[in-house]
Amino acid sequence: MTVRVLLVEDDDGVADALVESLGAHGHLPLRVRRGGDALTRHREADLVLLDLGLPDQDGLEVLRKLRRVSAVPVVVLTARGDERSVVRGLRLGADDYLVKPVRLAELLARMDAVTRRAHARDSASGNVVRLAGVEIDLDARRVLVDGREVALTTKEFDVLAVLAARHGTAVSRQQLMDEVWGDAYLAVSRSLDVHLAQLRAKLNRPGLLTTIRGFGYRLGE
């Protein structure tokens, strides 16, 4: 499958090699050097390869801003391999995190896995997610359970929308709070618990919304 890849990389040598390799394997790479360019051009891509050491702003900050406006798959590709950066990158919404140097075969395989998951989320039904008799229309902000509309508050739907956009994938508490409230402050942590409890009661689908102990939540299998 041909993938439009936005490569965010300021090192010309690394970028040139990646652009050549991706093109040789049938992909369509577009290279930019700055985080600001990634934020303005991400809509042109099916997948973003994001370096963290960018000249204008830290790549993790770019990722945080990107996740506020888009669910485009993001694979972090960086020399920064410390545990704190890896954990933070995944919590901010990276679909995968690879430390340079990485073998091309592994990079291509990880890209393929990420794009297949994203395609499965966004396939056939567009922005409507259907799981276990629950239909979530992300554009119309409507939820149907067994064909009957369920009334959700604005925040309840916002929480559900973040999970539905990544259904089948674990989403951390911090990411949920960042995307719905703008920051993962303790002040909203209890509020998240309340909204999740209300969602479970209204959807009435035991097992559809799973708690992942010590991390976060997953909607669907």
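Shown above is the structure to which this text applies.
Definitions and cut-offs
Residues numbered from 1 in each chain as written. Predicted model: local features only at pLDDT ≥ 70, side-chain atom pairs only at ≥ 80, totals over all residues. Heavy atoms only, no water. Helix = DSSP H or I, 4+ residues; strand = E, 2+ residues; numbered from the N terminus. Contact = heavy atoms within 4.5 Å. Polar contact = N/O pair within 3.5 Å; in protein donor to acceptor, adjacent residues only side chain to side chain. Core = buried A, V, L, I, M, F, W, Y, C linked by side-chain atoms within 4.5 Å. Buried < 20%, exposed > 50% of the residue type's maximum accessible area, 1.4 Å probe, protein only. Salt bridge = Lys/Arg side-chain N within 4 Å of Asp/Glu carboxyl O.

1. Overview of the environment of histidine 27
And step 1. Relative to the helices and strands, histidine 27 is located in the loop between α1 (12-24) and β2 (28-32).
And step 2. Through-space distance from the C-alpha of histidine 27 to that of arginine 4 is 6.2 Å; in sequence the pair is 23 residues apart.
And step 3. Discounting chain neighbours no more than four positions away, the residues touching histidine 27 are Met1, Thr2, Val3, Val5, Leu22, Leu108 and Met111.
And step 4. Of the polar contacts made by the side chain of histidine 27, one reaches the backbone nitrogen of valine 3; its length is 3.2 Å.

2. Quick notes on the nonpolar core
And step 1. Within the largest apolar cluster, 26 residues are counted, with the highest numbers of intra-cluster contacts made by Ile136, Val143, Val159, Leu163, Leu176 and Leu219.
And step 2. Put simply, the parts of the chain that give this core at least two residues each are β6 (128-131), β7 (134-137), β8 (142-145), α6 (154-165), α7 (173-181), α8 (186-203) and β12 (216-219).
And step 3. Sort the elements by how many residues they give to this core and α6 lands first, with seven residues.
And step 4. Each residue touching leucine 176, except ones within four places of it in the same chain, is listed here: Val159, Val162, Leu163, Val171, Trp181, Leu192 and Tyr217.
And step 5. Judged by nonpolar contacts, the second largest core, of 19 residues, contains Ala38, Leu66, Val74 and Ala94.

3. Some remarks on the pattern of salt bridges
And step 1. What the rule picks out here adds up to 17 salt bridges.
And step 2. Between arginine 33 and aspartate 12 there is a salt bridge, with the nearest N and O atoms lying 3.3 Å from each other. Of this pair, arginine 33 sits in the loop between β2 and α2 (35-41) while aspartate 12 sits in helix α1, and the two are 21 residues apart along the sequence.
And step 3. Overall, arginine 33 belongs to the partly exposed group, its relative accessible area being 43%.
And step 4. The partly exposed category is assigned to aspartate 12, whose relative accessible area is 39%.
And step 5. Residues aspartate 95 and arginine 67 are paired through a salt bridge, measuring 3.1 Å at the closest nitrogen-oxygen approach. Residue aspartate 95 is found in the loop between α4 (83-91) and β5 (96-99), and its partner arginine 67 is found in helix α3 (residues 59-69); the two are separated by 28 residues along the sequence. The residues aspartate 95 and arginine 67 share a single accessibility class, namely buried.
And step 6. One connected set of salt bridges, linked through shared partners, spans Glu9, Asp51 and Lys100.

4. Considerations on the side chain of serine 85
And step 1. Tracing the chain through its elements places serine 85 in helix α4.
And step 2. Among the residues examined, serine 85 registers a relative accessible area of 7% and is labelled buried.
And step 3. For serine 85, the side chain forms a polar contact with the side chain of aspartate 82, separated by 2.9 Å.
And step 4. Ignoring anything within four residues of it in the chain, the contact list for serine 85 reads Leu60, Arg80 and Tyr97.

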